[in-house]
Amino acid sequence: MIRALLAAVLLLGVLSGGPAVAGDPPPQPFLRIEAGGHTSAVARLAVDASGRVLASAGYDKTVRLWSLPDGTQRAVLRPPIGTLQEGEIYAVAITPDGRRVFAAGATGGQWDGTFSIYVFDAERAVLVGLLGGLPAPVNDLAVSPDGTRFAAGLAQGGVRVWDAATGKAVYEDRAYAGPVRAIVLDREGRLYVAAADGKLRAYDPSGRKLAEAALPSGLRPWGLALSPDGALLAATSETADKAGRLRIDVVSARVLAPVFSPDTTGLKGEGLLAAAWAADAKGGVQLLAGGYAHDAGGYVIRRWGDFGLGGYTDLAAAHDTIRHILPLPGGGAVFAAEDPGWGRIGSDGRLLRRPMPPLADLRPARERRLAVSPDGAVIEFTTADGLQRFAVKERALGSAGTPDAALAPARTEAPGLALAGWRDSSAPTLNGRRLALERDEIARSAAVLADGSGVLLGTDTHLRLYARDGREIAAVDTPAAAWAVTVAAGGRIAVAALLDGSLRWYGLDPALPAGGVQERAALFAHADGARWVLFTPEGFFDHADRGGNELVGVHLNRGRNQQPEWVSFSQAYRVLYAPAVVRARLLGQPAPAQARLAELGDIRNRLARQPLVEVKDACLPQPDLSCRPLAIKPGVALTLPADTATVRLTAVVTERGLGVGPIDMFVNDRNTGRSLAPAAGGPVILDAPLDPGANTVQLRVYDGGSAIFTQAAPLLLTREGVTDTTGRGRLFVLSVGVDHFANDSLTLQYAVADARAFTEGIRRAAAPLYSSVEVTQLLDDQATKAGILAAFERLSKQVRPRDTFLFYVATHGVRDEETDRFLLIPQDLSDVSSWQAMARQAIDEGTLVGALARIEARDALLLLDTCHSGQVTADNLANVGHETGRYLLAASGSVQEALDSYDNRNGVFVYAVREALAGRAGEDADGNVGALTLGEYVSRRVGQLARQKGHEQDAVFRTAQRDLRSFPVAHVDR
């Protein structure tokens with residue numbers, strides 16, 4: 001039946017009366033936030049018949065699939081998108097077996113002139129077809145409980161119903177004087193509709209109208225719900241009645257006659273948008289309703305017992321409007337909110353889950369504070385958690401405490417300027433002249449320019465710059481409503497706080513190509529307070545020490561009915577990670593970004609032609625050398641026997657024009673093995689070692705240049721009943737230091753002393769924490785290329801998953817200018833006549849990553865203490881941590897800095913490490929210094945110490961893993 005339904009939809013795309021030759025979506029890359037949840041209002045929800053798969057439709061242009069009851073996100077479905085509203089999803093439906101998802105909204109109109117419904121394969125999370133030619137955006141979708149009918153309610157043009165078995169339209173009704181708000185299909189194929197023309201309608205399976213009626217309250221209906229027995233409809237209204245009361249009307253489903261109205265006493269707000277009948281814990285039926293109703297605790301859902309005739313309770317369910325409520329097959333309900341997010345109510349009426357927005361709530365910035373320094377390098381902004389400050393040059397985000405008086409907040413008044421009607425209005429004025437906006441565009445924020453020469457206005461869709469006389473000088477699209485805006489004292493920089501959780505910097509200059517307003521950079525901070533990403537319109541980025549590179553990506557449209565490409569910043573780390581470029585771009589210096597773009601060439605073509613990898617099969621290796629098949633589904637958790645240590649995967653790699661490079665196996669965000677694809681093609685067979693408890697297993701494949709990777713859908717595997725109770729295990733340390741090289745021109749002075757100091761410091765500080773501390777130390781002529789790689793090979797056979805591994809190296813590190821790869825210089829490198837010669841004798845980045853990937857320890861910290869002759873910075877070393885999935889602490893100074901000791905014993909890097917081990921970094925309640933604490937302390941301290949010596953050495957700390965679980969590296973005795 002599902003196959004027939006899909007065939008019908010694809011057929012209807014041809015028969016729908018749309019244009020014979022349709023346009024294609026825009027080809028330019030779109031930078032989109034991907035924070036692990038919706039970043040804009042969730043409009044609708046859908047659930048399969050088992051109650052295990054939930055689909056959510058978002059104004060952020062995504063559909064997300066979730067596992068129930070645990071709420072784990074299992075997939076993101078991405079349709080083709082465009083500018084402004086194009087691609088926003090207002091409606092979603094899922095087939096009873098959960099295999100197909102239908103999504104629509106403002107979809108396709110920008111290139112087709114008509115609108116489309118997209119069809120996705122839920123298991124593979126790919127677009128497989130579309131139904132085109134619709135005259136207006138789609139406000140609601142429904143699949144009948146038996147999967148035989150599919151219906152759509154339109155913003156203009158009424159309703160359409162199709163028969164999946166025949167592929168033919170069953171009927172349509174265009175005689176609507178307003179948008180359809182909600183539709184419901186029952187088990188018998190009857191259709192019920194609520195529309196903004198004030199009417200409810202009921203149709204039999206043939207399309208004959210059974211009834212048409214206004215609500216008993218006389219209000220315009222919005223939400224619609226069918227009782228479990230199919231006898232009653234509950235309809236909500238988008239506004240209150242004339243007495244200010246919120247209403248929900250219950251009518252008979254067959255003839256739409258009034259039955260009763262549940263008690264809404266005490267509900268306050270503009271109206272109710274959603275209702276649902278849901279089974280309760282006692283075998284009865286509860287009625288739920290919500291929308292704009294709120295109290296001091298937030299937006300509420302009222303729950304009535306006994307079909308709505310019983311007593312009621314109010315649940316403070318969300319921080320913003322409730323858009324949809326949906327019953328679950330096993331009892332209880334889920335609801336969609338503008339927080340954004342979704343929540344869940346149990347069959348007993350308890351709130352089991354609140355919406356969990358992944359973004360900072362920037363709405364308080366409008367009324368309280370959004371301020372910027374004259375050069376744009378420091379901003380302050382108020383969130384729901386208080387005043388925050390971000391310093392670009394220091395890469396620091398945190399609580400601001402008290403406001404900085406040197407920063408400029410927004411001014412909305414100035415001599416000779418009368419600005420009015422700009423707050424939540426479609427009719428703002430300047431000196432009595434109405435400022436031109438597009439139809440339905442709402443102003444949200446405003447700021448007078450520093451010299452009083454005009455006004456910057458933020459709306460739901462644009463930033464608009466107006467002269468004193470009200471003429472529009474320039475405008476730029478925004479990806480979300482600009483809820484707050486301010487202008488720097490110098491007048492050339494503006495900052496806007498958007499409702500997608502981003503803060504964006506704009507240059508203000510009439511000479512700019514964009515006509516006066518041009519975006520420079522954007523900051524997105526995750527709700528966890530630890531991760532952030534700062535990025536430019538070109539796609540270059542920097543991120544927090546504790547992560548953030550996965551929070552933004554590049555969306556590339558293909559054909560109108562083809563799955564778009566998605567490449568996260570994490571996947572293009574080597575190509576797009578460029579902190580210095582980002583800082584320069586934000587501060588008004590575009591040349592470095594332009595130069596980097598010229599180096600990269602056609603980046604869109606590169607991103608769109610990456611090889612693909614897909615896991616086809618999985619099995620459990622057996623003692624008799626056989627392999628027991630596993631029924632795996634991407635994104636769906638699978639429980640394995642407790643004695644399962646390894647899963648064998650069979651994957652297929654598809655080359656798309658750029659060659660195939662290394663294949664990495666990641667388990668819980670760490671690289672557990674690097675291999676190469678077979679030269680002749682064919683399947684790739686790899687073993688994944690599993691941790692105790694939950695495991696996320698994912699394959700990455702790089703292009704032939706090892707620059708960008710794509711990844712297979714994650715596998716979620718849990719070893720049943722297994723937890724890690726074996727203690728801390730052993731600590732293994734590999735410490736390398738080279739002063740005297742085969743080439744005398746490379747001589748250093750303190751590398752060996754630094755390696756010894758690090759080894760002894762760690763040995764003493766870590767001894768109380770581990771069953772043993774096993775040290776391998778390679779100094780000078782021991783630290784040849786062969787010697788270092790042999791040490792890694794030996795340790796790969798000794799280190800077990802429960803052990804901890806530290807790798808420290810002090811030597812030269814350079815960037816190969818021909819390949820843009822990091823080269824670690826061993827003691828026996830002698831030929832520096834060319835990059836090719838050096839690359840042959842050095843340990844290249846790929847070899848180092850491969851060696852580290854063979855170390856099985858779940859906890860590891862890499863400390864790279866390198867010096868250079870101007871070709872490499874600490875930022876260039878960050879990719880080593882990214883490709884290994886290990887915590888990385890890296891410093892890079894000049895040769896002159898390396899020859900200068902900080903204290904006549906060690907360089908600044910090891911001196912800072914010694915301070916951290918002694919307790920200067922801080923310790924936990926048990927007196928332990930964790931890897932995160934040490935890394936963050938040393939990365940800050942190196943620059944401070946270097947400046948005391950007149951140098952500018954830099955250091956970075958990066959955590960490639962999304963799980964920011966720290967582990968102890970030292971114990972401090974007090």
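This one's a predicted model, so the numbers in the text were calculated from it and none came from an experiment.

Some thoughts on the overall build of the protein
Right, so step 1: Within the protein one finds 15 helices and 69 strands.
Right, so step 2: Computed over the C-alpha atoms, the radius of gyration of the protein is 30 Å, within 12% of the 30 Å expected from 2.2 N^0.38 for a compact globule of 974 residues.
Right, so step 3: If one aligns the C-alpha atoms of the protein with their principal axes, the spans along those axes are about 95 × 85 × 60 Å.
Right, so step 4: For the protein, with 974 residues in total, the buried portion stands at 59%.
Right, so step 5: Once local pairs closer than 6 in sequence are excluded, the contacts in the protein between residues at least 24 apart make up 56%.
Right, so step 6: Summed over its atoms, the accessible surface of the protein is roughly 36,400 Å², and 49% of this surface lies on carbon and sulfur atoms.
Right, so step 7: Of the side-chain charges in the protein, 102 are positive and 109 negative, and the distance between the mean point of each set is 3 Å.

Some details on helix α15 (residues 931-948)
Right, so step 1: The end-to-end C-alpha distance of α15, which contains 18 residues, comes to 26 Å, matching closely the 26 Å that a straight helix rising 1.5 Å per residue would cover.
Right, so step 2: A bend of about 25° at R941 is the largest found in α15.
Right, so step 3: Two residues or fewer after α15 comes G950, characterised by a positive phi angle close to 80°.

Section: the state of the cysteines
Right, so step 1: Following the criterion strictly, the structure yields 1 disulfide and no others.
Right, so step 2: Note that C619 is cross-linked by a disulfide to C627, the S-S spacing being 2.0 Å. An S-S torsion of about 85° defines the bridge between C619 and C627 as right-handed.

Remarks on the packing of aromatic side chains
Right, so step 1: Per the stated rule, a full pass over the model turns up 19 aromatic pairs.
Right, so step 2: For the ring pair F792 and F807, a centre distance of 5.1 Å and an interplane angle of 65° mean the geometry is edge-to-face. A residue pair is termed long-range when its members are at least 10 positions apart, and F792 in helix α9 (residues 785-798) and F807 in strand β62 (residues 804-816) qualify at 15 residues. Each member of the pair, F792 as well as F807, is classed as buried.
Right, so step 3: Taken together, the aromatic side chains of F535, F541, F569, Y573 and Y577 make up a single cluster linked through ring pairs.
Right, so step 4: One cation-aromatic arrangement involves R302 over Y312; the distance from NZ or CZ to the ring centre is 3.7 Å.

Some thoughts on the UniProt feature "repeat: WD" (unreviewed entry) in the protein
Right, so step 1: On the UniProt side, "repeat: WD" (unreviewed entry) is annotated at positions that read residues 35-76 and 131-172 here.
Right, so step 2: Regarding residues 35-76, the helix share stands at 0% and the strand share at 50%, and the terminal C-alpha atoms are separated by 11 Å.

Quick word on the nonpolar core
Right, so step 1: Of all hydrophobic cores here, the largest spans 86 residues; its most connected members are F792, F805, F807, F909 and V938.
Right, so step 2: Apart from the residues within four sequence positions on either side, F805 is in contact with F732, L734, F792, L795, L852, I855, A857, D859, A860 and L861.
Right, so step 3: Core analysis: the next-biggest nonpolar cluster, separate from the first, contains 54 residues, L359, F381, L503 and V533 among them.

Details of the sheet that holds strand β2 (residues 42-47)
Right, so step 1: With antiparallel pairing, 4 strands are arranged side by side in an open sheet as β2-β3-β4-β5. Only two strands of the sheet have a single partner each, and these edge strands are β2 and β5 (73-77). Pairs of neighbouring strands in the sheet enclose a mean axial angle of 20°, with direction left out of account.
Right, so step 2: Bridge count between β2 and strand β3 (residues 53-58): 5 bridges; the pairing is antiparallel.

What about helix α11 (residues 845-853)?
Right, so step 1: Counting buried positions along α11 yields 7 of 9 residues, so the element is predominantly enclosed.
Right, so step 2: Every buried residue of α11 is accounted for by E845, L848, V849, G850, A851, L852 and A853.
Right, so step 3: Capping of α11 at its N-terminal end is provided by D844; its side-chain oxygen lies 3.0 Å from the backbone amide nitrogen of G846.

A short note on the sheet that holds strand β50 (residues 612-621)
Right, so step 1: Read from one edge of the open sheet, 4 strands run β51-β50-β53-β56, paired in antiparallel fashion. Of all the strands in the sheet, the pair left with one neighbour each is β51 (627-630) and β56 (684-689). Across the sheet, the axes of successive neighbouring strands diverge by a mean angle of 40°, strand direction being ignored.
Right, so step 2: For strand β53 (residues 646-654) and β56, the ladder comprises 6 bridges, and the chain directions are antiparallel. Paired with V647 across the bridge in β56 is A688.

A look at the packing of helix α8 (residues 751-766) against helix α14 (residues 908-917)
Right, so step 1: Running from N to C, α8 and α14 cross one another at 10°; their axes reach a closest spacing of 10 Å. Taken as axis vectors, α8 and α14 run roughly parallel relative to one another. In this structure, α8 uses D754, A757, F758, G761, I762 and A765 to contact α14, whose residues at the interface are V910, V913 and L917.
Right, so step 2: Residue classes in the contact of α8 with α14 are distributed as 7 nonpolar, 1 polar and 1 charged.

Here we look at the side chain of N549
Right, so step 1: Take N549: it is sitting in the loop between β47 (541-543) and β48 (552-556).
Right, so step 2: The exposure class assigned to N549 is buried, which follows from its relative accessible area of 5%.
Right, so step 3: Those residues in contact with N549, other than ones at most four positions away along the chain, are F541, H543, F569, S570, Y573 and H882.

Remarks on the pattern of salt bridges
Here the idea is simple: oppositely charged side chains can pair when their charged atoms come close.
Right, so step 1: Within this structure, the stated rule accounts for 65 salt bridges.
Right, so step 2: A salt bridge links R423 to E367, with the nearest nitrogen and oxygen atoms 3.3 Å apart. Here the residue R423 occupies a position in the loop between β35 (419-420) and β36 (429-430), and E367 occupies one in helix α3 (residues 364-367), the gap between them amounting to 56 residues.
Right, so step 3: Judged by relative accessible area, which is 49%, E367 ranks as partly exposed.
Right, so step 4: Residues joined in a network through salt bridges with shared partners are D173, D197, K199, R201, K209 and E212.

Parameters and conventions
- Residues numbered from 1 in each chain as written.
- Predicted model: local features only at pLDDT ≥ 70, side-chain atom pairs only at ≥ 80, totals over all residues.
- Heavy atoms only, no water.
- Helix = DSSP H or I, 4+ residues; strand = E, 2+ residues; numbered from the N terminus.
- Rg over C-alpha atoms; globule rule 2.2 N^0.38 Å.
- Buried < 20%, exposed > 50% of the residue type's maximum accessible area, 1.4 Å probe, protein only.
- Contact = heavy atoms within 4.5 Å.
- Areas by Shrake-Rupley, 256 points an atom, 1.4 Å probe, with all protein chains shown as cover.
- Lys, Arg positive; Asp, Glu negative; His and termini not counted.
- Charge placed at Lys NZ, Arg CZ, Asp CG, Glu CD.
- Expected span 1.5 Å × (residues − 1).
- Bend = angle between axes of the 7 residues up to and from the residue.
- Disulfide = S-S within 2.5 Å.
- Phe/Tyr/Trp six-rings, centres within 6.5 Å; stacked < 30°, edge-to-face > 60°.
- Lys NZ or Arg CZ within 6 Å of the ring centre and 35° of its normal.
- UniProt positions renumbered as here; feature names shortened; annotations may be inferred.
- Core = buried A, V, L, I, M, F, W, Y, C linked by side-chain atoms within 4.5 Å.
- Pairing = 2+ DSSP bridges.
- Axes fitted to C-alpha atoms, helices over the stretch in contact; angles between N-to-C directions.
- Polar contact = N/O pair within 3.5 Å; in protein donor to acceptor, adjacent residues only side chain to side chain.
- Parallel < 35°, antiparallel > 145°, perpendicular 65-115°, else oblique.
- Nonpolar A, V, L, I, M, F, W, Y, C, P; charged D, E, K, R; others polar.
- Salt bridge = Lys/Arg side-chain N within 4 Å of Asp/Glu carboxyl O.

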